[in-house]
Structures are given as structure tokens and as C-alpha cells.
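# Coordinates in review
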Amino acid sequence: MVLEWLSENRAIVAAIIILLLASSFLVSIIYGVQQTRLREKDQVFGDPERTVGGWFWSICGVSVLLLIWFYFSWGAARAFFPQAANELCQVGKLHEAISPVTASLAIQSRYSKSKTLLVRNSKQLRELKARLPVDAFLENDKVRVLKVINNTQKLINMMANPDFVGQKTIREIEKVKSRFAAITNELKTPLQSWSPSQKALQQPSWGISEPEIPMLPISAKGALFDLVSSEAKSISNDFLGIRNLSPIAKDLISETKAMIANLKKLSSASDRDPRIVKTRADYMKAVDRIFKRIDDGKIFPASVMTDIQGSVRTMLQQLEKSKGALSIVEILFFPGGDIIKSRTQCTEQGPGRWLPKPTDVVATFLTLANPDVENGGGYKGTTLLWWKWLPISDVVSLLVPDGLVDLLPGDYGTLNKQGNFQPNYKDWVLLFAQGDVYLGALPMLDGHIWDSLFRVLVAMFFGVLLGVPLGIYMGVSRFCKSFFDPLIELYRPVPPLAWAPLILTIFGIQDDGKIFLLFMVAFAIMVISARTGASGTQLSKIRASHSLGASDRQILRYVILPNALPEIMTGIRISIGVCWGTLVAAEMLAGTTGVGFIENVARTVSDYELIWVTILIMGSLGLIFDLMMRWVIARLIPWRGKG
Amino acid sequence: MKRFTKNIVSASVAAVMMGGAAAAQAADSVNVAFFLEWATPNQIAKVDKAYDDAMGVNVNWTNFSTGVQMTEAMLAGDIDIAYSQGLAPFITATQQGAPIKMVSVAVIYEANDCFVKNDLGISSSNASELEGKTVAVPLNTMADFAFRKYMQALNINTSTMKIVDQAPADGAVSLADGSVDMACIFGGDSAKKAGEVGTPIMSSQQKRDAGIGSFDVVSVTEKFATENPGLLRTFLEVTHEANANWTASASQLKKVASDAGMDVSTTKNQMAGFIFPTAAEQKEQFFGPKGVAVSAAESLGLVFKKPGAWNVDQKISKVITGEYLD
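Residues numbered from 1 in each chain as written. Chains lettered and ligands numbered in written order. Predicted model: local features only at pLDDT ≥ 70, side-chain atom pairs only at ≥ 80, totals over all residues.

What follows covers unusual backbone geometry. Residue and element names in this part refer to chain B. Its identity is not glycine, yet Asn155 carries a phi of approximately 65 degrees, on the positive side. Mapping Asn155 onto the fold places it in the loop between α6 (142–153) and β7 (162–165). By C-beta crowding, Asn155 is classed as exposed, having 8 other C-beta atoms within 10 Å. The backbone of Ala248 sits at a positive phi, close to 60 degrees, despite the residue not being glycine. Here Ala248 shows up in the loop between α11 (229–244) and α12 (250–260). (Helix = DSSP H or I, 4+ residues; strand = E, 2+ residues; numbered from the N terminus. Buried ≥ 20, exposed ≤ 12 C-beta atoms within 10 Å, placed from the backbone.)

Structure (C-alpha cells):
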């Protein structure tokens with residue numbers, strides 16, 4: 001219930017969090033500066049003591065990071081201006097409605113569409129004229145083809161000439177212009193008191209449900225834009241219907257059309273070489289194509305275009321004015337993107353899309369973390385992190401291979417005469433080995449995070465268990481160094497992903513393959529770091545202990561190992577980090593569970609919230625590990641850096 | 001003034017966040033996304049620059065490896081038209097609110113196969129034995145969709161199965177190794193490998209009878225469709241012209257094969273399974289009332305929809321339109 005309430009009111013929750021973050025940012029800076037002043041005189045530059053403490057700077061850093069996240073994900077906008085998105089959606093509707101008009105004017109581009117069409121098609125006509133196939137047409141046909149091309153060119157120029165614009169077209173353009181002026185006036189009218197419809201009020205607020213932004217206007221300003229946009233849509237449709245076809249142009253078009261039809265008939269007559277027929281057909285098709293681009297009368301003289309352009313510009317300027325405070329909010333709080341109205345919905349495009357708001361990420365995380373898998377919790381039927389009863393028999397079956405039972409003397413049971421199954425002792429043992437006997441159960445962690453953690457931990461365990469002794473022996477023994485060095489150095493530089501296909505074939509799809517992949521990563525790092533640690537031991541220490549009568553074993557245990565420990569610990573820290581990095585690749589091989597699996601699936605559907613949840617989970621698990629390791633290091637090798 | 005400030009803000013955001021700021025579209029070029037190793041007749045038009053000639057603009061072709069990447073590029077403003085985007089990535093994108101729409105069917109092909117390991121002795125007649133088995137499926141792809149459809153047709157409860165998310169190549173390997181019992185595969189090479197050790201759970205005839213098929217779509221950004229409907233119409237017209245002129249002659253195959261980056265025999269085999277419907281057929285069968293496009297998209301949408309997501313059937317039909325096919 002509490003969670004639901006929080007989810008419904010995430011804008012308010014975010015507002016409170018942002019204010020808290022801002023104040024903790026300020027307070028931590030003030031406190032930090034004070035502390036620095038206090039200690040300034042006691043400490044020398046370079047003294048490691050200078051880095052001790054300073055939690056307030058951590059708070060400062062984290063607050064800055066979160067504030068930036070809130071800002072660029074438009075989380076701050078949603079927190080403080082929850083209606084802005086809805087109003088911008090109405091503005092988006094208006095922009096969508098007039099987009100056919102603006103696309104043909106020089107409003108978002110340098111030139112108007114008429115200019116582009118005119119220049120482009122004239123150029124193509126010139127090129128077409130230049131490559132008129134000489135031998136494909138008879139002399140008098142050639143004249144006709146050239147006439148068609150010239151007519152088309154004439155048509156283009158006629159359309160671009162203001163003297164040839166028909167009265168009907170002028171009237172229609174005047175009408176569009178005056179209608180734009182009308183909606184400009186409409187935008188100017190002061191806002192009246194207006195109450196949203198019941199249906200609009202029932203819409204879920206911004207970012208709560210799947211259509212991100214409520215479509216129906218919920219404020220008076222939004223209602224005005226909505227009204228204007230529906231009017232603009234009908235103007236756009238009218239505009240699209242305008243054809244610049246004066247009676248003279250129409251005559252020219254029908255004349256040219258007939259000529260093209262005739263020439264086409266000519267090209268299909270197969271009286272000559274089929275190759276020539278084809279050349280002729282291709283050429284006529286190209287001519288026809290350009291003619292067809294022109295004959296719908298979509299080229300207008302510049303003066304006509306400037307008129308409409310002026311009225312649309314005025315309208316857009318008025319829109320900015322009418323937006324008032326909204327445009328300031330848009331500039332300041334919606335960095336790097338826009339709210340776009342598409343066919344069915346308004347969506348955030350820009351960082352708002354690929355950088356989900358912190359509160360939404362937390363909400364997605366909580367849905368995932370809900371252990372109630374039956375009711376929408378977890379991911380793909382598995383919880384995020386929970387516990388379950390692990391039957392002991394499962395562990396037994398893992399440890400006792402089935403094949404062992406086959407080696408026992410005697411036969412398996414068969415069906416007896418009564419048609420019942422007569423089990424032998426061997427069948428019972430098999431049941432035991434297969435884990436089909438109830439032996440009690442243990443509570444055990446479960447879920448995606450645990451599965452990933454388990455893989456990393458087991459890999460690390462074996463990596464340390466095998467890598468550290470080998471590394472140390474490589475540091476002290478000529479045989480070990482020379483024997484293992486080529487092997488390890490040969491496989492170490494190979495990226496783990498390169499092993500992936502092999503591992504799938506060798507180990508199959510179970511956990512062991514993934515663990516082995518991670519183990520290979522951890523092992524190499526552990527060997528290198530242990531070896532560096534062992535070979536870096538000061539010779540004087542070894543000599544001293546030797547002359548004091550220490551045995552080889554004692555030198556190893558009491559001199560070399562402690563000296564190698566700092567390096568080994570650093571090795572563990574590094575390899576845990578790299579293991580997390582490799583996990584996503586490992587779980588891509590055969591994904592059933594795990595954080596990397598979630599990420600892989602989320603990527604295929606561009607679910608950014610889910611992707612960020614997995615990134616944060618992996619980041620925080622890595623952080624927790626590192627903090628633990630630092631604690632262990634402080635306990636185990638307190639002398640580090642003080643020698 | 002406002003534009004200017006906004007530009008400054010956007011520029012700094014792009015610099016800070018390293019995000020792909022939408023590049024302004026040059027008016028005289030159209031950017032089209034396509035797949036390599038996916039042979040279609042319109043590649044002849046592509047190579048011969050028939051698109052450029054007919055549309056009167058430069059047509060730039062960029063190859064992609066997945067449909068999801070095509071969507072991302074369209075949202076970033078780098079691509080206007082995605083030719084032969086899979087239906088699955090198109091639907092998941094629209095479910096995430098991407099402003100794109102489907103304007104045509106690019107190619108119809110047989111639904112991807114799910115191969116059952118031969119030594120299990122399971123076929124469609126005793127398919128219920130699949131319950132409790134392990135299946136390799138590339139999640140959220142057309143193969144996934146086909147898998148769910150097969151299981152529905154064969155009346156098998158997928159929740160009893162262990163579903164492993166594997167790329168087709170990996171799935172084929174796992175099937176051969178016996179670590180999975182069934183693998184759902186797309187792509188020629190992987191399907192060939194899986195076919196060595198397994199048999200499709202449903203034959204081509206059974207698939208047709210059950211009405212399970214796949215098609216790729218031509219999708220465009222809403223911006224491009226509203227601003228340049230003429231160019232879009234011509235693009236589709238040239239595509240259909242290329243399809244109509246397709247005779248699978250040796251010279252045509254060679255041209256397509258070299259553009260698709262495959263050898264001629266693979267191209268021939270691949271194209272043998274393809275159907276390229278004409279504009280009239282599409283309008284009648286796919287985009288009419290009760291058309292295949294909407295019903296397939298909706299059932300796909302239901303398979304992939306997030307729990308608690310919006311009413312797919314109401315929205316999906318609105319982003320599928322045959323109006324540019326004339």
C-alpha cells in the first residue's frame with residue numbers, strides 16, 4: 001500500500017528528494033570547507049593521513065551525481081512542473097499538425113520545398129536531355145521527346161511564375177493564410193477559466209503508466225493549444241489539397257501527357273532490336289517519372305510561399321509567446337530533447353528516453369525485487385533476491401554422478417508379470433543418486449542476483465585457491481616459473497569472450513561453463529599478482545630469516561606470504577571487478593537467470609529502465625565487494641603503506 | 001532566441017552526456033537501413049541507383065545487424081526508412097513509444113523453425129513429451145514468437161519448460177551437444193547445423209495449416225512520413241517494381257548476391273523461401289480491414305507485452321498503415 005502510494009505520487013517524492021539532495025550538497029560543502037581549514041595546518045602535503053575520513057565529500061559527490069541524473073533525465077522537470085509534459089504534448093500536437101506545411105516551407109530547412117523541387121528536377125531534365133539515346137529514336141520521334149522534356153521544364157517554370165497562378169489557387173492560399181491568422185489570434189486570447197473533462201482527469205499522470213504522457217489537456221493553457229492544433233490540422237489538410245494548376249498549365253499537362261502516352265506506345269512496338277526497345281522504354285520511364293513529379297502542381301512561386309511562410313512564422317512566434325512560463329521551463333528543465341507527439345502518443349525523446357528518471361528506476365527495481373513471482377514480481381519467473389528451501393537431495397545428486405550407480409553389481413528392475421514395476425536395490429540407489437529421495441531441506445538464497453553472485457564467488461574461490469599458491473611458487477621456484485610462465489602468459493591476454501563458444505561446447509548450458517569462464521579471468525590475475533608479490537620480497541628479509549635458522553617452509557609462511565599479501569589483496573579487488581564485467585558475456589551464452597541475463601533481454605526490447613536497474617545492481621554489488629575488501633585489507637595487512 | 005538557447009543547451013548536453021543529438025536531416029537525401037545476408041530483389045534497384053533516379057534524391061543505404069539497432073538509429077534521426085525490419089523489433093519499439101510506423105510488407109517467409117533433437121523421438125504427434133524439457137530460444141525475436149505459436153498450436157504449457165536465452169548459433173551448438181532438447185533458430189547457417197541433429201517440430205505444411213508465418217516490414221519515422229509522403233510513395237513503388245521485375249535469372253542473382261554479401265547458391269536458396277507480395281496483394285490481404293498485418297502484430301504484441309502494459313490492440317493498429325502503397 002505504501003509502495004503504491006509512493007509510486008502514484010513519485011513526482012512529489014522526487015521533489016522532496018531533490019530538495020534534500022540540494023541541501024545535503026550545500027551543507028556538505030560548507031562542512032567540508034570548514035574541516036579543511038581546521039586541519040590545514042596540521043598536515044603536510046603527501047601525508048597519507050590527509051586522505052583519512054572525509055565522508056562529507058562522499059556525500060557531496062553522490063548528491064552531485066544524483067542531482068545531475070535528476071536534471072538530465074527530466075526528473076526535476078517532472079518533480080516541480082508535473083503539468084509541463086502534458087502542456088508540451090499539446091504543443092507537440094500543434095507541431096505535428098502543421099508539419100506538412102512547415103515541411104514545404106523554408107521554416108526548418110534553408111530552402112522551401114518548391115525551390116528544392118524546381119532545382120532538382122530542372123537539373124535532372126537537363127541531364128536527361130543530354131543523354132538522349134541517339135540511335136533509339138527516329139528523327140521525328142526525337143523531336144517529340146525533346147518537346148516533352150521542354151514542356152516539362154516549361155511547366156516547372158510556369159508554376160514558379162507568380163503571373164501564372166490561377167485565381168482559384170490564389171483564393172485557396174488566401175484562405176489558408178487567413179485561417180493561420182485566425183489561430184494566431186486565438187492563441188493571443190487571454191486564458192479563460194476552464195475545467196478539464198472527467199476523462200482527462202482520470203488519465204494516469206506523467207510517467208506512471210505505459211503511455212508516458214497523458215494526451216488529453218489538463219490545464220487551460222493546454223486546452224487552448226489542443227483546440228488550436230485540431231484547427232491547424234484541418235488547415236494543413238486544406239493546404240495539402242492546394243494545386244498550382246492554372247488553366248494554361250492544365251492544358252500543357254494534358255498535352256504532354258498525351259505525347260508521353262504516344263511515345264510509350266511507340267517504345268512497346270517491337271518492330272526493332274529488343275535492346276533498343278528496352279533503352280527507349282527505360283528512357284521514357286525516366287521522362288515520365290519526372291513529369292509525374294511535376295504534374296500534381298506542388299511547386300509554388302516564391303511570393304506565394306513567402307506569404308504563407310510569414311503567417312506560419314507569426315503563428316509559431318505567437319505560440320512561443322503564449323507558452324509564456326512554459327517555454328522557460330522547457331529551456332531550463334528539458335535539456336537536450338523534446339516531447340514529441342507521434343501517431344498514438346506523446347513521448348519523451350532525448351535523454352528523457354534513454355536516461356530513465358531515478359524514481360522510475362527505483363520503481364522498476366522494487367517491482368523486480370518483489371518476491372511474489374505469481375503476481376508480477378521478479379523477472380521471467382525468478383525473483384531478484386529471495387530465499388527458498390534447497391532439498392539436500394539436490395546437493396547429493398550433484399555430488400554423486402549417476403554413472404557410479406551403473407557400476408554397482410546387479411541389474412535394474414523390470415516390469416513383472418502383474419504389469420507392475422519391480423524395483424531392485426539398484427533402482428533405490430539410483431533414485432538416491434538422482435536426488436529423488438527426500439532428505440530434508442536447507443534454507444538457501446535464490447534469485448537472479450544470488451545466481452550471479454554465486455557464479456562470481458565460486459569462480460573467485462577457485463581462482464584464489466589455485467592461483468595464489470601457483471603464483472607464489474612461480475615467484476620462488478625456477479621450475480614453476482619456467483614451466484608455467486608460457487602457459488599462463490599465452491592464455492592471459494585472450495579476452496574471455498573469445499573463449500565463450502568453446503566453453504559452451506565443452507561445458508554445456510549449466511552453471512559450470514559460466515563459472516569456468518569467470519575462473520579463467522580470476523585465475524590469471526591472481527597468479528600474476530601473487531607472483532609479483534612473492535618475487536618482490538626484499539632479499540634482506542629473506543636472508544635475515546634464513547640466517548636466524550628459518551626452514552624453507554617457515555620462510556614461505558612467515559616472510560614471503562605476508563610480503564605478497566598486499567599484492568594478492570589488490571589482485572582480488574581487481575579480479576572481482578573484471579569478473580562482474582565478464583558476467584554479462586558469460587550469461588549471454590545460455591541465459592536462464594542472473595543479472596547479465598536480465599540485461600541481455602532488456603537490450604533486445606530497448607527497455608532502458610531495466611538496463612539501468614541492472615547497471616546499478618552490478619555497480620552497487622561491485623561497490624559493496626570493494627568496501628568489504630578494503631575492510632579486510634585494513635584488518636589483515638595494517639602495516640601496508642607504513643613500512 | 002529560444003531556439004538559440006535551446007541549441008546551446010542541447011549542444012552542451014550532447015557534449016556532456018555523449019548522447020547522439022538528432023542530426024538535422026538534409027532535405028536532399030534519404031537514409032535507408034537494410035540487412036546484409038538478407039537477399040531481396042530491390043537490391044538490384046539499390047545497386048542500379050533506381051531509387052536515386054526515381055526519387056530524385058540521394059539514397060544512402062546503411063547496413064545493420066539487428067532490427068533493434070534500426071529502431072535506435074531511426075529515433076536518433078539518422079535513418080528515415082528501415083527496409084525489412086523484423087516484425088518483433090518493430091512491435092517492441094512501438095510498445096516503448098517509438099514514433100515509427102509500418103507502411104509495407106517487405107518479405108514474407110516461413111516461420112523460423114524449432115528443431116527437436118532427433119534421438120528424443122518427439123514430433124508434432126507426441127509433442128506433449130516436450131513438457132519439462134529444456135529449450136534454447138533467442139528471446140524477443142521472431143523465433144521466440146514462432147516458438148510460442150508452435151507451443152500454442154500443439155497445446156503445450158511453456159511454463160513447464162526450461163527456457164534458455166541463446167543466440168541461434170549457440171543454440172545450434174547446444175542442440176548438437178545435447179544440453180538442450182529443442183532449439184529455435186533463425187538464420188541460414190545455424191538452421192542448417194541444427195537440421196543435422198534435429199527435426200523441425202512442425203513441417204512447412206503444418207505451419208501453413210496452423211497459420212504460423214513471419215514477415216518483415218518496411219518501417220519509417222513518423223516525421224519522414226508526414227513531411228515527405230511523395231518520396232515514401234516513390235520508394236515503395238520502386239521496391240515493388242523491382243519485385244515485379246524479379247525473374248531469378250543468373251545475372252540478377254549475381255547482382256543481389258554480391259550486394260547481400262553471400263555466394264550465389266546461398267542467395268538462391270534463401271530467396272526460394274521468400275515471397276514478395278505486390279502492392280495490391282498487400283492492400284487486400286495485409287492492410288485491409290481484418291488484415292494480416294494488424295492481427296499478427298497484435299498477437300505478437302500480446303506475447304511480448306510487459307505485465308501491466310497498456311492495451312496493445314488499440315494502439316498497434318494505428319501505427320500500421322497501407323496508405324502509402326498507392
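Turning our eyes to something else, we now look at the sheet that holds strand β2 (residues 58–64) of chain B. All names here are of chain B. Overall, mixed pairing links the 6 strands, which are arranged β2-β1-β3-β10-β4-β11 in an open sheet. Strand pairing shows two members of the sheet lacking a second neighbour, β2 and β11 (274–275), which therefore form its edges. For strand β1 (residues 29–35) and strand β3 (residues 81–86), the ladder comprises 2 bridges, and the chain directions are parallel. Pairing of Ala33 across the sheet is with Ala82, part of β3. (Pairing = 2+ DSSP bridges.)

Before going further, it helps to examine the nonpolar core. The biggest cluster of nonpolar side chains holds 149 residues, and the ones touching the most others in it are Leu518, Ala522 and Cys579 of chain A together with Leu87, Ala146, Ala183 and Cys184 of chain B. If you tally residues by element for this core, the top one is helix α23 (residues 511–535) of chain A, at 14 residues. Beyond its immediate sequence surroundings of up to four residues, Ala146 of chain B is in contact with Ala111, Asn112, Cys114, Cys184, Ile212 and Ser214 of chain B. (Core = buried A, V, L, I, M, F, W, Y, C linked by C-beta atoms within 7 Å. Contact = placed C-beta atoms within 7 Å.)

Residues and elements named next belong to chain B. Here chain B is described as being made up of domain 1 (29–110 + 214–325) and domain 2 (113–210). Taking only C-alpha atoms into account, the centre of domain 1 sits 27 Å from that of domain 2. Listed per partner, the contact involves 11 residues of domain 1 and 9 residues of domain 2. At the level of elements, α5 (87–95), α13 (264–272) and α15 (292–304) are the ones that each hand at least two residues to the side of domain 1 that touches domain 2. Residues belonging to the side of domain 1 that touches domain 2 are distributed by class as follows: 5 nonpolar, 5 polar and 1 charged. (Domains from an automatic or database assignment. Nonpolar A, V, L, I, M, F, W, Y, C, P; charged D, E, K, R; others polar.)

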